[in-house]
Protein chains: 2
Amino acid sequence: MSQTHLDPALDRRSQILDAALVCFAKHGFHQASMHDISAEAGISVGLIYRYFENKEAVIAAMADRHKREIQEVLERAREAPTLLESLEILFTAHCCENSPKVLSAFVVDLYAEASRNPQVANLVRDVLQTSMDGVTDLIARSPEGKNAAGGLTPKELSELIFAVARGMLMYDVLQPQEMTEAERRTAQLEVVRRLWRLLFTNTTELVEA
Amino acid sequence: MSQTHLDPALDRRSQILDAALVCFAKHGFHQASMHDISAEAGISVGLIYRYFENKEAVIAAMADRHKREIQEVLERAREAPTLLESLEILFTAHCCENSPKVLSAFVVDLYAEASRNPQVANLVRDVLQTSMDGVTDLIARSPEGKNAAGGLTPKELSELIFAVARGMLMYDVLQPQEMTEAERRTAQLEVVRRLWRLLFTNTTELVEA
DNA sequence: TGACAATGAATGAACGTTCATTCATCTTAC
DNA sequence: GTAAGATGAATGAACGTTCATTCATTGTCA
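A quick note: this is a predicted structure, and the numbers were derived from the prediction, not measured. (Residues numbered from 1 in each chain as written. Chains lettered and ligands numbered in written order. Predicted model: local features only at pLDDT ≥ 70, side-chain atom pairs only at ≥ 80, totals over all residues. Heavy atoms only, no water.)

A. Up close: the overall build of chain A. Counting its secondary structure elements, chain A contains 10 helices and zero strands. Along the chain direction, N to C, the helices and strands of chain A fall in the order α-α-α-α-α-α-α-α-α-α. Residue burial in chain A is summarised as follows: out of 209 residues, 52% are buried. Sequence separation of 24 or more characterises 67% of the internal contacts of chain A that already satisfy a separation of 6 or more. Accessible surface computed for chain A: about 9,800 Å², of which carbon and sulfur atoms make up 53%. (Helix = DSSP H or I, 4+ residues; strand = E, 2+ residues; numbered from the N terminus. Buried < 20%, exposed > 50% of the residue type's maximum accessible area, 1.4 Å probe, protein only. Contact = heavy atoms within 4.5 Å. Areas by Shrake-Rupley, 256 points an atom, 1.4 Å probe, with all protein chains shown as cover.)

Below is the structure:
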């Protein structure tokens, strides 16, 4: 719409993946039918097969797009001025960007799929490892990371942070539909700040006291 | 086998649910067919319908059984002599009791289902709330819980602990099949002790120093 | 410019398969 | 003999996938 379409085929693929995200989040990978997706995208079923070999390929492409989106979030987190702000970006990106719950539901489904499909598991593990390495680096470089609580290393801290992030994502899908994006974001930020206090400010405060 | 069967109907139900757990973990709720379940249980398809109204009812019964199992774990955790041991029970119960990954895969699937099925969501939320209340209580009663790091309340600590537990459960499904139960348990225990150091021993150590 | 041919994006009915569910039939226990 | 337990072939709906067909757009030649 806003820009000239350099590659219409890429637009179509994106359009189909956008529709698939909505359908997958609403019904799950294997309960969402190709007809559901085509209806959501406003196109015919057959057209999907012009851009994707089969349903599996749609799922794989979704996972791949998710990988790229996560890497973009990591990039933004890297550029934040403070470690706390980096963490805030990481924790709120997953859960609040799109319409409520859609992304969280998709990611939980992705992990469920990963538990059965080794290819998906490899991709998710790869994304996770890259992200954790990035955050480990972020912590190691930041002044707060030097004297973290409990004598934990940057790597251990990063693992803990990502465990909490995944856990909150799981918690998010239990929330009723009525919760708005803003409410979810607020809840997430509260958790980040609590975690922050715990991991990075406790020791310092005690030393100062 | 080992005991006289007081209620054969209950045995059959358990037998079917045992088989369903294996199939659900292996294929997911909606990809596991009733034939898969009957084959795993060593009975005919039709017999399942004598004990369960339909497939949804099997899923609901599985969720319900899971609820009772979690409550038993909580009971055992309550009876542990120290808070650390309570946490160790809570963190290792989810992931290591049955054959590797089966339980974790089931729980991740349960959360995925909860994101679409409000009834399942209510049940899972209920289990979680009860468990968290129990652990909050456990922390409040324990000597270590009084002077926790970061000035966090028992409720906040409990929320954090359960977020990490859920996060580690998600991480568990990414692990390759080859990992044994013992390896998974060891990995979990390491996380518990790290969390323990962070939450409950840091302040004290510094005061002593 | 206008007439015509070629293209390939897009359609949706149809196909083969799978699956949840049913039920007529058989077996077992007392 | 009868009631309850157990079977698995049969049913029909739903699904992923295919493909003959349509038609707007583009290219070609006069």
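Picking up after the structure, the text goes on.
B. Geometry of the environment of I59 of chain A. All names here are of chain A. Take I59: it is sitting in helix 4 (residues 55-79). Of the residues examined, I59 reaches a relative accessible area of 4% and is grouped as buried. Remark: the alpha-carbon pair of I59 and L17, spanning 42 residues in sequence, is separated by 8.8 Å. Sequence-distant contacts of I59, that is, excluding residues within four places in its chain, are made with F24, F29 and H30.

C. A look at the domain arrangement of chain A. Residue and element names in this part refer to chain A. For chain A, the domain assignment lists domain 1 (1-52) and domain 2 (59-199). One C-alpha centre belongs to domain 1, the other to domain 2; they are set 26 Å apart. Of the residues lining the interface, 12 residues belong to domain 1; the matching set on domain 2 comes to 11 residues. For the domain 1 and domain 2 pair, buried surface summed over both sides reaches about 1,100 Å², with 75% attributable to carbon and sulfur atoms. The tally of links from domain 1 across to domain 2 stands at one salt bridge. Counting the contacts that link domain 1 with domain 2 gives three residue pairs in polar contact (both at pLDDT 80 or more). (Domains from an automatic or database assignment. Buried area = accessible area lost by both parts, 1.4 Å probe. Salt bridge = Lys/Arg side-chain N within 4 Å of Asp/Glu carboxyl O. Polar contact = N/O pair within 3.5 Å; in protein donor to acceptor, adjacent residues only side chain to side chain.)

D. Region of the structure containing the protein's contact with DNA strand C. Neighbouring residues of DNA strand C: 15 residues in total, closest R12, S44 and R50 of chain A together with M34 and K55 of chain B. Expressed as a percentage, the sugar and phosphate content of the atoms of DNA strand C within 4 Å of the protein is 65%. Take S44 of chain A: an N or O atom from its main chain is 2.7 Å from a phosphate oxygen of DNA strand C. Measuring from a phosphate oxygen of DNA strand C, one finds a side-chain N or O atom of K55 of chain B at 2.4 Å. At the level of secondary structure, the elements contributing two or more residues to the surface near DNA strand C comprise helix 3 (45-51) of chain A together with helix 2 (34-41) and helix 3 (45-51) of chain B. Looking at which element gives the most residues to the surface near DNA strand C, the answer is helix 3 of chain A, with four residues. Taken together, the residues of the surface near DNA strand C sort by class into seven nonpolar, five polar and three charged. (Near = heavy atom within 4 Å. Nonpolar A, V, L, I, M, F, W, Y, C, P; charged D, E, K, R; others polar.)

E. Main features of the interface of chain B and chain A. Counting residues at the interface gives 49 residues for chain B, matched by 49 residues for chain A. The junction of chain B with chain A conceals about 4,000 Å² of combined surface from both sides, 65% of it contributed by carbon and sulfur atoms. Per-residue buried area on chain B facing chain A is highest for M170, L174 and L198 of chain B; these three make up 18% of the total on that side. At the junction of chain B with chain A, the criterion picks out six salt bridges. Measuring nitrogen to oxygen at the nearest pair gives 2.1 Å for the salt bridge that ties R116 of chain B to D109 of chain A. Where chain B meets chain A, there are 12 residue pairs in polar contact (both at pLDDT 80 or more).

F. Focus on the relation of the copies chain B and chain A. The two copies are related by a screw motion: chain B maps onto chain A through a turn of 180° and a shift of 0.0 Å along the axis, at an RMSD of 0.1 Å. Classification of the inter-copy transformation places it as that of a two-fold axis. Across chain B, the rotation axis passes nearest the C-alpha of G167 of chain B, at a separation of 2.0 Å. Both copies share a contact surface, since 98% of the interface residues of chain B are interface residues in chain A too. (Least-squares fit on C-alpha atoms with pLDDT ≥ 70 in both.)

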